[in-house]
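So the chains spell out like this:
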Amino acid sequence: MYKPFLDKTDSRNDLISTFGGYVNKAIIPENCFAEQQNMSLRRFPALSPRSKRAYSDSAKGYFYGLFSKEKLCYIRDGYLYIGGEKILEPYFGQSSDERVFVSMGSRLVIFPDKVYINTKDFSDFGYLEAEFTASGAECRLCSANGEAYDSYLPSATEPQDPQNGDLWLDISGEAPVLKQFSESMGSWLELSGTRVKIICPGIGTQFKLHDGVTLSGFEKAGISGDYIIKDIGPEFITITAAVSSTITITDEFTVARRVPDMDFVCESNNRLWGCSSEKNEIYASRLGDPTNFSAYEGISTDSFAVSVGTDGEFTACTPYRGYVLFFKENCVHKIYGQNPPYTVTTSYIRGVEKTSQKSLVRLNETLYYKSPTGVCAYEGGVPVDVGSDLGECRYTRAVAGAVGNRYYVCMSDNRGERHLFCFDEERAMWTREDNVDISHFAVNDSNLYFVERHNEYHRIGIIDSDNMYGYFSGELKGFEIEDKLKWSFKTGLWGLDLPVNKYYNSFTIRGKGEKGSWLKVGYSINSSEDFVECAKEYLDETGSFNIRINSPRCDHVQFAFEGEGDVTIFSIMRNIGVGSEVYV
């Protein structure tokens, strides 16, 4: 009697020893992961969870800015802290305005308050703007050295029978011009350096030499407008102008040094740069002086302002490779040159997304930022999309920081839920960490600090660090490291490369873990949302363990891993049996 033979089922072993990152797509490589929680590439090509974070136990409250300038700087509950020390003045009140910090020499400049403080000498602080208002001032015509001109004839026509050295104030034009008669030349010569001294008690106490100021209330003297202070004392200022006679101002007047309201601010080549969406203008302060944005004397240290013709609001600005870049969502304005007047060019590229200005970060030699269509890398030409692995979800409100070769970015999805991702520049791979809500990043001493919105308050933490405790005093002295870390990841759909049904016999996982750490594995077949737990292993040392799967025959399978503690997975060996077109 003859009986039919059953063909032996084919099986194969597949080894994964180089693990990839997070890829949110329908079909992904089998060494990558469709979902992740608290994973990293720090032990690449092995697979491991992220480093533990550390949190300051005392630096809690409401934070409105974070910055690094030799020491960590932030504003909490109305006060400025530098290196953990509370600075009593200036006081910022309980305003919830987002603060922008800019480093300029030894000064830390803070917007929108327009305040500066010397980080070497906390007693040296002040306001970028200044204003003096009073009534009762005397305006006198004087020479460049401040000596008053007492004898001159104001007239619209030349005086008759002049003598050598006579003075004539020509008032025939829009502005009076002082002239002196030269007998040898036989003509009237304009005197350069003619000035007006404005005398009033206290008028010079809030300004400094060469400040650009705006005068208002001086219509009687005909000198309302913008000027440069050429000489100054506690009770006087001198400007380049002319008056027809000594004039007394009895009404209220104002002398003001103004700084434009700017949406975004940065420092480049010892100038403060900024932009205004309302006026569609770009500004630069005078060289080395963040208090002067309207000082125009026709010299290389002048302030600078220019209007741009592009539509839309400014979204960010930053210095880069000797240029200053001003972004909109659909373009970037690049500022060239060493001194005014600068050259401004426009490139229509993917710019920085509105509300994602804090995503603009330089990592090594590349700028990274969140554009309206994804995360981009920019090196001065056309930006490159590096965020395609994050999927089709429209993320917004991006905040980023960088340390080492890693770019961290926290973004909101279309439901408003926050996600923290990490891009490894060296490997061009992403990992997803968790749903921490981060509002600010700053790097100090190779540590990446952040402000997290946590419950009813904010707190400072370290997200990627070589020194979890820092080198600070005051309330930043010491951080608490979080407890054992829980982590998880899911594979993509395995088995799509085989057109027939298959089943999974076993896993051989090689890894190690700290004492008390564990790993759990589950699977689902054919895109089912129900996962079957198949094993839980405790890892105390390096070694291999085998997990029996015995999955039913299926078209494809997805595996879910979760664990706790510091675990490293070196490789996964899969034994796959190929079946027929029938599931069981």
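Our subject is the structure listed above.
Residues numbered from 1 in each chain as written. Predicted model: local features only at pLDDT ≥ 70, side-chain atom pairs only at ≥ 80, totals over all residues. Heavy atoms only, no water.

> Tell me about the overall build of the protein, residues and numbers included.
Per the secondary structure count, the protein includes zero helices and 50 strands. Taken over C-alpha atoms, the radius of gyration comes to 34 Å for the protein, far larger than the 25 Å a tight globule of 584 residues would show. Viewed in the frame of its principal axes, the protein has a C-alpha envelope of about 150 × 45 × 35 Å. Counting across all 584 residues of the protein, residues that qualify as buried make up 51%. When contacts within the protein are restricted to residue pairs at least 6 apart in sequence, those whose partners lie at least 24 apart make up 59%. A total of about 27200 Å² of accessible surface is found on the protein, and carbon and sulfur atoms cover 46% of it. A distance of 8 Å separates the average location of the 60 positive side-chain charges in the protein from that of its 81 negative side-chain charges. (Helix = DSSP H or I, 4+ residues; strand = E, 2+ residues; numbered from the N terminus. Rg over C-alpha atoms; globule rule 2.2 N^0.38 Å. Buried < 20%, exposed > 50% of the residue type's maximum accessible area, 1.4 Å probe, protein only. Contact = heavy atoms within 4.5 Å. Areas by Shrake-Rupley, 256 points an atom, 1.4 Å probe, with all protein chains shown as cover. Lys, Arg positive; Asp, Glu negative; His and termini not counted. Charge placed at Lys NZ, Arg CZ, Asp CG, Glu CD.)

> I'd like a description of the side chain of Arg286, backed by residues and values.
Structurally, Arg286 is set in the loop between β26 (281-284) and β27 (304-307). Taking relative accessible area as the criterion, Arg286 reaches 8% and is therefore assigned buried. Sequence-distant contacts of Arg286, defined by excluding residues within four places in its chain, comprise Leu209, His210, Asp211, Asn270, Arg271, Asn292, Ala295, Glu297, Thr301, Asp302 and Ser303.

> Before we move on, can you summarise the sheet that holds strand β18 (residues 187-190) with the specific residues and values?
Across the sheet, which stays open at both edges, the four strands sit in the order β15-β16-β17-β18 with mixed pairing between neighbours. Edge positions in the open sheet fall to β15 (153-155) and β18, since each of these has one partner strand only. Strand-to-strand twist in this sheet, taken as the mean axis angle between neighbours without regard to direction, amounts to 35°. Bridging between strand β17 (residues 177-182) and β18 involves four bridges; their strand directions are antiparallel. Across the sheet, residue Ser182 finds its bridge partner in β18, namely Ser187. (Pairing = 2+ DSSP bridges. Axes fitted to C-alpha atoms, helices over the stretch in contact; angles between N-to-C directions.)

> I'd like to hear about the packing of aromatic side chains, residue by residue, with values.
Aromatic ring pairs are reported here in terms of the distance separating the ring centres and the angle at which the planes meet. Taken as a whole, this structure holds 34 aromatic pairs when the rule is applied. When the centroid spacing of 4.9 Å and the interplanar angle of 55° are considered together, the rings of Phe218 and Phe253 count as tilted. Residue Phe218 is found in the loop between β20 (212-216) and β21 (225-233), and its partner Phe253 is found in strand β23 (residues 247-257); the two are separated by 35 residues along the sequence. Overall, the relative accessible area of 0% leaves Phe218 in the buried class. Each member of the aromatic cluster is reached from another via a ring pair, and the members are Phe19, Phe33, Trp487, Phe489, Trp494, Tyr504, Phe507, Tyr523, Phe559 and Phe561. Its guanidinium or amino end placed over the ring of Tyr79, Lys86 lies 4.2 Å from that ring's centre, counting from NZ or CZ. (Phe/Tyr/Trp six-rings, centres within 6.5 Å; stacked < 30°, edge-to-face > 60°. Lys NZ or Arg CZ within 6 Å of the ring centre and 35° of its normal.)

> Can you break down the nonpolar core residue by residue, with the values?
Ranked by size, the top nonpolar core spans 31 residues in total, and within it Val196, Ile198, Leu215, Phe218, Ile223, Phe253 and Val255 carry the most contacts. The set of elements that each furnish at least two residues to this core consists of β14 (130-142), β16 (167-170), β19 (195-199), β20, β21, β22 (236-240) and β23. For this core, the element with the highest residue contribution is β14, accounting for six residues. If you look at the next biggest cluster of nonpolar residues, it comprises 27 residues, including Phe507, Leu519, Val521 and Phe559. (Core = buried A, V, L, I, M, F, W, Y, C linked by side-chain atoms within 4.5 Å.)

> So what about unusual backbone geometry? Which residues, and what values?
Most peptide bonds take the trans configuration, and most residues that are not glycine carry a negative phi. For the bond from Glu89 to Pro90, the omega torsion is 0°, close enough to zero to count as cis. On the secondary structure map, Pro90 appears in the loop between β9 (85-87) and β10 (100-104). The omega torsion across Pro340 and Pro341 is -5°, close enough to zero to call that bond cis. Summarising the element assignment, Pro341 is placed in the loop between β30 (331-336) and β31 (343-347). The phi dihedral of Asn280 is positive, around 55°, even though this residue is not glycine. With respect to the helices and strands, Asn280 occurs in the loop between β25 (271-276) and β26. Phi at Arg397 takes a positive value of approximately 50°, unusual for a residue other than glycine.

> For the pattern of salt bridges, give the residues involved together with the corresponding values.
Tallying each qualifying case throughout the model produces 38 salt bridges. The partner of Glu30 in a salt bridge is Arg574, and the shortest N-O contact between them spans 2.8 Å. With Glu30 in the loop between β1 (11-16) and β2 (33-37) and Arg574 in strand β50 (residues 567-578), this residue pair connects regions lying 544 residues apart in the sequence. Accessibility expressed as a relative area gives 23% for Glu30, which makes it partly exposed. When the shortest N-O distance is used, the salt bridge between Glu35 and Lys490 registers 3.8 Å. Of this pair, Glu35 sits in strand β2 while Lys490 sits in strand β44 (residues 486-491); the two residues are 455 residues apart in sequence, bridging distant segments of the chain. The exposure class assigned to Lys490 is partly exposed, which follows from its relative accessible area of 22%. (Salt bridge = Lys/Arg side-chain N within 4 Å of Asp/Glu carboxyl O.)

> Explain the environment of Asp263 to me, and be specific about the residues and the numbers.
Mapped onto the elements, Asp263 comes out in the loop between β23 and β24 (264-268). You can call Asp263 partly exposed: its relative accessible area is 40%. Sequence separation between Asp263 and Cys317 is 54 residues, and the spatial gap between their C-alpha atoms is 9.4 Å. Aside from chain neighbours lying at most four places away, what touches Asp263 is Cys275, Ser276, Ser277 and Glu278.

> So what's going on with the environment of Leu539? Residues and values would help.
Among the secondary structure elements, Leu539 is positioned in strand β47 (residues 532-539). Along the chain, Leu539 and Lys515 lie 24 residues apart, while their C-alpha atoms are 6.7 Å from each other. Other than its neighbours up to four places away in sequence, Leu539 contacts Lys512, Gly513, Glu514, Lys515, Gly516, Ser517, Leu519, Phe545 and Val567.

> I'd like a description of the sheet that holds strand β7 (residues 71-76), backed by residues and values.
One open sheet accounts for four strands, arranged β6-β7-β8-β9; its pairing is antiparallel. Every interior strand has two partners, whereas the edge strands, β6 (63-69) and β9, have only one. Neighbour-to-neighbour, the strand axes of this sheet turn through a mean angle of 20°, independent of strand direction.

> An account of the pairing of β21 is needed here, citing residue identities and associated values.
One ladder, built from four bridges, connects β20 with β21; its direction is antiparallel. Of the residues in β21, the one forming a bridge with Thr214 is Asp226. Where β21 meets β22, four bridges bridge the pair, whose relative direction is antiparallel. Note that in β22 the partner of Ile229 across the bridge is Ile239.

> Summarise the state of the cysteines; cite the residues concerned and give the values.
Per the counting criterion, the structure on display carries zero disulfides. There is no disulfide at Cys142, and the cysteine sulfur nearest it, in Cys139, is 11 Å away. For Cys142, a relative accessible area of 1% translates into the label buried. The thiol of Cys422 is not disulfide-bonded; the next cysteine sulfur, from Cys410, is found 13 Å away. When its relative accessible area of 6% is taken as the criterion, Cys422 is described as buried. (Disulfide = S-S within 2.5 Å.)

So, to be careful, I would describe these as geometric facts and stop short of saying anything about function.
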